[in-house]
Amino acid sequence: MAEPTIQLGGGNWAGKSGNLLGYYEQNKKFYAEDFTFSRSTTGTYTDKEGYIQEMPYNLATYSESFGSGTFFGAPTNLTVINNNAVAPNGTITAAKLTSTADGARLSTANLVPSTLSASTTYTFSVYVKNINASNYYVRTVSATPSNDVEYTISTTEWTRIEHTFTTSASATYIRLVSSLAEGESILVWGAQVNSGSSAKTYFPTTTRLNMPRVDYFNNSNGSLILEPQRSNLLNYSTDFSQWTLISTVIDTNAVSPTSESNATTITDNGSGGASGNVRIQATNFTITASTQYTFSAYVKANPNSEIKVTTRNDDALRGGTFDISTLTFTPEQGTENGSVESFGNGFYRIITTWTSGSDTSIGIGIGFPNITRDGTNSFILWGTQVEQGSYPTTLINTSGSSVTRNADVCTDGGDVSRFNSSEGVLYAEIASLEETSSSSKYISISDETYNNRLSILFSSGATNQIRAFLRVGGVSQVDFNGSVTDVTDYNKVAFKYKDNDFSLWINGVEVATDTSGSTFSANTLTKLSFSEINTTSGKFEGKVKDLKVYNTALSDSELITLTTL
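Residues numbered from 1 in each chain as written. Predicted model: local features only at pLDDT ≥ 70, side-chain atom pairs only at ≥ 80, totals over all residues. Heavy atoms only, no water.

Caption draft 1: The arrangement of the overall build of the chain in detail. Per the secondary structure count, the chain includes one helix and 42 strands. Dimensions of the chain, computed from C-alpha atoms along their principal axes, come out at roughly 80 × 70 × 35 Å. Buried positions account for 53% of the 565 residues belonging to the chain. As displayed, the chain has an accessible area near 22100 Å², and 44% of this comes from carbon and sulfur atoms. Across the chain, 36 positive and 52 negative side-chain charges occur, with their mean positions spaced 3 Å apart. (Helix = DSSP H or I, 4+ residues; strand = E, 2+ residues; numbered from the N terminus. Buried < 20%, exposed > 50% of the residue type's maximum accessible area, 1.4 Å probe, protein only. Areas by Shrake-Rupley, 256 points an atom, 1.4 Å probe, with all protein chains shown as cover. Lys, Arg positive; Asp, Glu negative; His and termini not counted. Charge placed at Lys NZ, Arg CZ, Asp CG, Glu CD.)

Caption draft 2: Quick peek at the sheet that holds strand 12 (residues 147-151). Pairing is antiparallel in the open sheet, where four strands are placed in the order 9-14-11-12. The open sheet has two edge strands with one neighbour each: strand 9 (106-107) and strand 12. Across five bridges, strand 11 (residues 136-141) lies against strand 12 in antiparallel orientation. Bridged to Val 138 within strand 12 is Val 149. (Pairing = 2+ DSSP bridges.)

Caption draft 3: Structural view of the nonpolar core. Ile 443, Leu 454, Leu 528 and Phe 530 are the most contacted members of the largest nonpolar core, which has 42 residues in total. Look past the residues within four positions of Leu 454 in its chain and what remains in contact with it is Leu 426, Ile 443, Ser 444, Ile 445, Phe 469, Leu 470, Phe 495, Tyr 497, Phe 520 and Leu 525. Listed in part, the 32 residues of the second largest apolar core include Val 112, Val 126, Ala 133 and Phe 165. (Core = buried A, V, L, I, M, F, W, Y, C linked by side-chain atoms within 4.5 Å. Contact = heavy atoms within 4.5 Å.)

Caption draft 4: A look at the sheet that holds strand 13 (residues 159-166). Spatial strand order, 7-8-15-10-13: five strands in an open sheet with antiparallel pairing. Each edge of the open sheet is held by one strand with a lone partner, namely strand 7 (78-85) and strand 13. Geometrically, the sheet is characterised by an average inter-axis angle of 30° between neighbouring strands, direction not taken into account. With five bridges connecting them, strand 7 and strand 8 (residues 94-99) associate as antiparallel partners. (Axes fitted to C-alpha atoms, helices over the stretch in contact; angles between N-to-C directions.)

Caption draft 5: Local environment of empty space enclosed by the protein. Evaluation of the coordinates by the stated rule reveals one cavity of 30 Å³ or more. A volume near 30 Å³ is recorded for the largest cavity. Residues that form the lining of the largest cavity fall into these classes: three nonpolar, six polar and two charged. (1 Å grid on protein atoms, 1.4 Å probe; cavity = no way out; pocket = protein on both sides within 12 Å on 5 of 7 lines; lining within 4 Å. Points joined across faces, edges and corners; volume = space filled by probe spheres on them. Nonpolar A, V, L, I, M, F, W, Y, C, P; charged D, E, K, R; others polar.)

Caption draft 6: Representation of the packing of aromatic side chains within the structure. Counted under the stated rule, the structure contains 20 aromatic pairs. An angle of 35° between the planes, with centres 6.3 Å apart, marks the rings of Tyr 122 and Phe 165 as tilted. Of this pair, Tyr 122 sits in strand 10 (residues 121-130) while Phe 165 is found in strand 13, placing the two residues 43 residues apart along the sequence. By the burial criterion, Tyr 122 is buried, and Phe 165 matches it. Taking 5.6 Å as the distance between ring centres and 55° as the angle between the ring planes, the aromatic pair formed by Tyr 298 and Trp 382 counts as tilted. A residue pair is termed long-range when its members are at least 10 positions apart, and Tyr 298 in strand 23 (residues 292-301) and Trp 382 in strand 30 (residues 378-388) qualify at 84 residues. Take Tyr 298: its relative accessible area is 6%, and that puts it in the buried class. (Phe/Tyr/Trp six-rings, centres within 6.5 Å; stacked < 30°, edge-to-face > 60°.)

Caption draft 7: Structural view of the pattern of salt bridges. On inspection of all chains with the given rule, the structure shows 13 salt bridges. For Glu 33, the salt bridge identified is with Arg 418, shortest N-O distance 3.2 Å. Of this pair, Glu 33 sits in strand 4 (residues 29-38) while Arg 418 is found in the loop between strand 32 (409-411) and strand 33 (423-432), placing the two residues 385 residues apart along the sequence. Across the pair, Arg 418 and Glu 33 agree in class, each one buried. Residue Arg 213 pairs with Asp 408 through a salt bridge whose shortest N-O separation is 2.8 Å. Highlighted residues: Arg 213 in the loop between strand 15 (185-195) and strand 16 (214-215) and Asp 408 in the loop between strand 31 (403-405) and strand 32, separated in sequence by 195 residues. For the pair shown, Arg 213 and Asp 408 are each scored as buried. (Salt bridge = Lys/Arg side-chain N within 4 Å of Asp/Glu carboxyl O.)

Caption draft 8: Seen up close, the environment of Gly 103. If you trace the backbone, Gly 103 turns up in the loop between strand 8 and strand 9. On the basis of relative accessibility, which here comes to 26%, the residue Gly 103 falls in the partly exposed class. Considering only alpha carbons, one finds Gly 103 and Asn 77, 26 residues apart in sequence, at a separation of 6.6 Å. Leave out the neighbours within four places in its chain, and Gly 103 touches Thr 76 and Asn 77.

What follows is the structure, given as structure tokens:
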């Protein structure tokens, strides 16, 4: 089989700020192929170990630049020379800090609530190398008490220092280098702040929000997540002390899907009697009338496997009971829909969807079905979300207000040298986020116009269908549709194009063919995008495990091999 001229994924994922990295082969050598990526907000994903992480988890902006306009502000009694020396990764990106007087320091601005959450544990880390300093401080300052740690580094080798601290409700910042004598210098590189009580693997950041997300949930090879814009309407997604407790008590001591001890145990208060109202509740946040919403939460039996969710809207209760031992949902009021998804590490994500009435306020309750309150009924809860839409997306963390995650946008892959305009194959292993597509979602090669393009897509209004078409000079040459068992599962799709020889293959089967039609003139195709053309219209929304472009029309036997699950 011919080698692809562009490959993305397939177990080989890499990304950097503003770019998703694929590769192409030339003369048996591999070269990076950049796709332009943007989101401009953080997002979550499941890592290779099965834990939910934030992308990027390094909360320090411009982690390899120090001084004015970066994570650390204007220096005091300190000269900063960025990109001055060889860093631990071999690049000339380390900064030299030299004291000009006593009290030399770099400090961040107040980090709560702009960057960090109050009453939360974080770890600051940075690589340091001594030149001629006797000692220096890394310092975090909270309201009470201040938390100072002095590090004395005598070696002239690179050393990573780590400092764990818990934020206050205000006045939390990080101070670096507060004990250099005049003329003393050190090198620094790789500043990082991550949640939790230990430093994670260093993650460099510049324009840190435009980072692609590769998710490993139920998928050891990983897949690119491209999701629409969504907002978590719950002000507190994990801090349930901010919710209303009804015949329940809480204890935040359990390990969550992030591997940190930040999940909450919900227990009945042991007051005795029948169940009545035994739940925690978030009330009266604003929604839009006659609109579909989805609630989701991560739960773990402790020991209760039955968990009840109710929504109150238009003075009507809707809801039902989730049994996470049998992965079932039993509706109890209205026409609410629900499902249970096994996450791993003993956790399940429970999901319920409903359509609002005319009232624009709503309450969400999560608790127990029929029980006797004796103080033994409990379960673990983490990561709640209410979002507008018919299906859940990855968790959007909130800590005091609603938060919006922007849409993922990926465009600008390849150039004219990567495509054969007269023949070839566009291949993708993809999964939709919904069975019936609410809008058309494209992967396209084009000349950046609507007139000349070939596309694989989930078509608007279609249920469990994958479409492919090719247009030349604005005229449709072929237009295929193929049915699949479940479009939300991964399906392998190949669209072959050649003059009078077109076909669509899905999961090892040729589902459509056409022997009449023309392809493009030479050097027409210039860009590959996860959108209708090289714009944000028709953005692809789904998961991409693998993508390949071939510059030759593969044989039937090759297409069978390529697309067989």
